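# Structural overview for review
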2 protein chains.
Amino acid sequence: MRIVKEAAERKNEILDAAEELFAARGYEGTSTGDILDRVGIARGTLYYHFRSKEEILDALIERLNRTMIARAEKAAGDRNIPVVERIIRTILCMNPETGGFPIGHEVMEQVHKPQNALMHQKMQQGLLDGVVPVITRLVEEGNAQGIFHTGYPQETTEMLVLYSGIAFDSRLGGEPEQEARRVRAFIHNTEILLGAESGSLEAPMALLFTQVK
Amino acid sequence: MRIVKEAAERKNEILDAAEELFAARGYEGTSTGDILDRVGIARGTLYYHFRSKEEILDALIERLNRTMIARAEKAAGDRNIPVVERIIRTILCMNPETGGFPIGHEVMEQVHKPQNALMHQKMQQGLLDGVVPVITRLVEEGNAQGIFHTGYPQETTEMLVLYSGIAFDSRLGGEPEQEARRVRAFIHNTEILLGAESGSLEAPMALLFTQVK
DNA sequence: TCTAAACCGACAGGTTGTCGGTCGATGCGC
DNA sequence: GCGCATCGACCGACAACCTGTCGGTTTAGA
């Protein structure tokens with residue numbers, strides 16, 4: 001049977017299927033045939049809409065990142081909230097556990113398995129490109145308000161974002177003790193790097209954590 | 001023609017070939033057939049020595065990491081040199097450009113291309129596992145000497161090592177201006193995080209950079 | 001001579017991407 | 001309202017490749 005749909009709609013169907021399958025079996029573990037079956041289309045159709053399997057991954061990650069960036073920008077833009085808190089909220093946005101993600105956690109589960117290194121790399125790059133500018137602006141705002149004193153806002157933000165990736169990752173550290181230590185170290189070092197007053201991050205951070213978890 | 005060799009020797013031959021090929025074409029871009037041809041052995045022989053293609057990659061990375069860790073430990077162990085300088089030297093060890101690597105730069109060139117995400121991930125993990133403990137000890141030594149004041153030696157080291165990966169990477173930043181900024185930010189933030197005296201890292205760092213480049 | 005480690009290469013099974021051809025909605029002249 | 005041309009969406013057989021297996025063979029050495 002043959003069903004014709006608009007290109008954009010079909011593309012989204014394919015991405016939906018890819019998202020579920022990648023989440024369940026990982027990128028390498030999913031064949032284009034699996035996607036075909038789930039969407040219910042033929043081989044040629046898939047390659048009519050996407051040039052390659054990797055292009056599907058790229059499109060999917062872009063879609064995921066778009067929603068995440070939107071959240072981050074919303075969190076960052078609320079001018080009623082103090083800057084410190086906005087920074088924390090924005091950083092938490094990146095993390096599926098603490099960010100209340102609309103997308104399945106399973107994707108993130110998979111992302112760290114060795115078979116999905118490509119997925120992981122692309123997502124991380126997307127994070128750096130997308131979230132870093134948002135947070136950098138906040139840091140500069142804090143500088144202007146005189147509550148931060150950072151010589152290198154962008155680079156410092158890069159450092160923090162990069163580390164937050166492993167600090168908030170329960171699938172990595174091994175012992176839970178180590179994980180907790182990383183989070184504490186992250187908060188502490190963030191204060192130091194931003195030149196914020198000692199303890200000024202700790203309190204709102206602790207608050208948000210309990211809210212979120 | 002049939003040539004029999006000791007297992008260890010053959011294994012090394014295979015790793016040599018894999019190293020050259022991965023360096024030239026990347027991991028995904030190299031087929032086991034390519035390795036077979038280069039070593040001059042048959043399919044079965046390869047799989048007699050290694051269980052899978054990925055196991056070849058693992059063994060190769062372990063071999064590379066071993067030599068790198070050895071260099072790092074040598075740099076870290078020289079008790080005649082002040083701690084600050086040892087830390088810098090050790091960090092530079094990780095970087096192929098600044099570390100005077102025995103292995104080909106080409107491997108590192110490849111490592112950042114999207115096709116080699118797996119290779120990249122495994123190498124980075126090896127770095128974290130291998131070098132972080134070495135540097136952590138140095139940081140603790142600095143703490144004991146009273147020239148550093150770090151609350152979280154290990155986690156701070158993790159942060160620095162992680163960021164050094166992108167700071168010293170000429171293939172990433174795009175504009176050379178940005179790259180230089182990252183290096184400056186790295187030095188600056190290292191001082192701050194370690195609680196070292198302002199400027200105490202800058203001087204030896206600059207010195208080593210000119211020595212190395 | 002016997003054994004076991006090292007080696008061989010055909011082969012099964014699975015994967016990605018291509019390509020010529022088909023179908024169906026849409027617009028147009030009539 | 002009705003044939004008809006057009007083109008985007010779709011199909012599935014197929015080529016090319018790639019990894020890992022397995023039964024069998026060779027060689028070194030006890």
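Counting of residues starts from 1 at the beginning of each chain's written sequence and follows it residue by residue. In the order they appear in the text, chains get letters beginning with A and ligands get numbers beginning with 1. Where totals are concerned, whole chains, interfaces and linings use all residues; where local detail is concerned, this predicted model gives features only for residues with pLDDT of at least 70, and gives and counts side-chain atom pairs only at 80 or more. To obtain the side-chain values, all non-hydrogen atoms of the structure were included, while hydrogens and water were left out.

Residues and elements named next belong to chain A. All of the buried residues along helix α2 (residues 32-39) are Thr32, Ile35, Leu36 and Val39. Along α2, the residues classed as buried sweep out an arc of 105 degrees about the axis, all on the same side. Remark: Gly40 follows α2 within two positions and exhibits a positive phi of approximately 80 degrees. Residue burial is assigned from relative accessible area. The probe radius is 1.4 Å, only protein chains are included, and a residue is buried under 20% of its type maximum, exposed over 50%, and partly exposed in between. By definition, any uninterrupted DSSP run of H or I lasting at least four residues is a helix, any uninterrupted run of E lasting at least two residues is a strand, and each is numbered from the N terminus. For this quantity, the arc is that covered by the directions from the helix axis to the C-beta atoms.

Contact definition: two residues touch when any of their heavy atoms are within 4.5 Å. Counting from both sides, the interface comprises 30 residues of chain A and, opposite them, 30 residues of chain B. Surface buried jointly by chain A and chain B totals about 2800 Å² across both partners, of which 58% is contributed by carbon and sulfur atoms. Buried area is calculated as the accessible area (1.4 Å probe) missing from two parts once they are joined, with the contributions of both summed. The largest contributions to the chain A side of the interface with chain B come from Tyr152, Glu155 and Met159 of chain A, which together make up 23% of the buried area. We define a salt bridge as a side-chain nitrogen of Lys or Arg found within 4 Å of a carboxyl oxygen belonging to Asp or Glu. Counting the contacts that link chain A with chain B gives four salt bridges. Among the salt bridges present, the one from Glu158 of chain B reaches Arg182 of chain A, with a minimum N-O distance of 2.8 Å.

What follows is about the nonpolar core. In this structure, Ile87, Phe148 and Phe186 of chain A together with Ile87, Phe148 and Phe186 of chain B are the most contacted members of the largest nonpolar core, which totals 70 residues. What Ile87 of chain A contacts, discounting residues up to four positions off in sequence, is Ile135, Leu138, Val139, Phe148 and Leu194 of chain A. Residues belong to a common nonpolar core when they are buried Ala, Val, Leu, Ile, Met, Phe, Trp, Tyr or Cys residues joined through side-chain atoms within 4.5 Å.

What follows covers the relation of the copies chain A and chain B. C-alpha atoms of residues with pLDDT of at least 70 in both copies form the basis for the least-squares superposition of the copies. With an RMSD of 0.1 Å, the operation that places chain A on chain B is a rotation of 180 degrees combined with a shift of 0.0 Å along the axis. The transformation just described matches what one would write down for a two-fold rotation axis. Nearest to the rotation axis, the C-alpha of Ala117 of chain A is located 2.7 Å from it, this being the minimum over chain A.

Attention now moves to the protein's contact with DNA strand D. One heavy atom within 4 Å of a molecule or strand makes the whole residue count as near it. Surrounding DNA strand D, one finds 24 residues, the nearest of these being Gly44, Tyr48 and His49 of chain A together with Thr32 and Arg43 of chain B. Thr32 of chain B is positioned with one of its side-chain polar atoms (N or O) 2.6 Å from a phosphate oxygen of DNA strand D. Residue assignment for the surface near DNA strand D shows that the elements contributing at least two residues are α1 (7-25) and α3 (43-49) of chain A together with α3 (43-49) of chain B. Looking at the surface near DNA strand D element by element, the count peaks at five residues for α3 of chain A. Among the residues making up the surface near DNA strand D, the classes are represented as nine nonpolar, eight polar and seven charged. Residues adjacent in sequence count toward polar contacts only when both atoms are side-chain atoms; beyond that, a polar contact is any pair of N or O atoms within 3.5 Å, and within protein one must be able to donate a hydrogen and the other to accept it. Residues were grouped as follows: Ala, Val, Leu, Ile, Met, Phe, Trp, Tyr, Cys and Pro as nonpolar; Asp, Glu, Lys and Arg as charged; and all remaining residues, including Gly, as polar.

Before going further, it helps to examine the protein's contact with DNA strand C. Close contacts around DNA strand C come from 24 residues, with Thr32 and Tyr47 of chain A together with Gly44, Thr45 and His49 of chain B the closest. The protein-proximal atoms of DNA strand C, defined as those within 4 Å of the protein, are 61% sugar or phosphate. A distance of 2.6 Å separates a phosphate oxygen of DNA strand C from a polar side-chain atom of Tyr47 of chain A. Of all the elements in the fold, those that place two or more residues in the surface near DNA strand C are α3 of chain A together with α1 (7-25) and α3 of chain B. The biggest single contributor to the surface near DNA strand C is α3 of chain B, with five residues. For the surface near DNA strand C, a count of residues per class yields nine nonpolar, eight polar and seven charged.

Residues and elements named next belong to chain A. Only rings of Phe, Tyr and Trp enter the pairing, Trp through its six-membered ring, and a pair is recorded when the two centres are within 6.5 Å. The plane angle decides the type: under 30 degrees is stacked, over 60 is edge-to-face, the rest tilted. Under the definition given, this model contains four aromatic pairs over all chains. Centroid distance Phe22 to Tyr27: 5.3 Å. Interplanar angle 80 degrees. Geometry classified as edge-to-face. Exposure class is identical for Phe22 and Tyr27. Each is buried. Ring geometry for Phe168 and Phe186: centres 5.3 Å apart, planes at 70 degrees, overall edge-to-face. Here Phe186 lies in helix α9 (residues 176-194) and Phe168 lies in the loop between α8 (153-167) and α9, a separation of 18 residues in the sequence. Given the relative accessible area of 6%, Phe168 is considered buried. Sitting over a ring, as applied to charges here, requires NZ of Lys or CZ of Arg to be within 6 Å of the ring centre and within 35 degrees of the ring normal. The ring of Phe50 is capped by Lys11, whose NZ or CZ atom sits 5.5 Å from the centre of that ring.

Below, the discussion takes up the domain arrangement of chain A. Residues and elements named next belong to chain A. Where a domain begins and ends is set by an automatic assignment or by a domain database. Partitioning chain A into domains gives domain 1 (1-51) and domain 2 (53-212). Facing the 22 residues of domain 1 at the interface are 18 residues of domain 2. A combined buried area of about 1700 Å² lies between domain 1 and domain 2, and 62% of that area is made up of carbon and sulfur atoms. Linking domain 1 to domain 2 there are three salt bridges. Counting across the interface, domain 1 meets domain 2 through eight residue pairs in polar contact (both at pLDDT 80 or more). The element that contributes the greatest number of residues to the side of domain 1 that touches domain 2 is α1, accounting for 10 residues. Considering only residue class, the side of domain 1 that touches domain 2 consists of 11 nonpolar, six polar and five charged.

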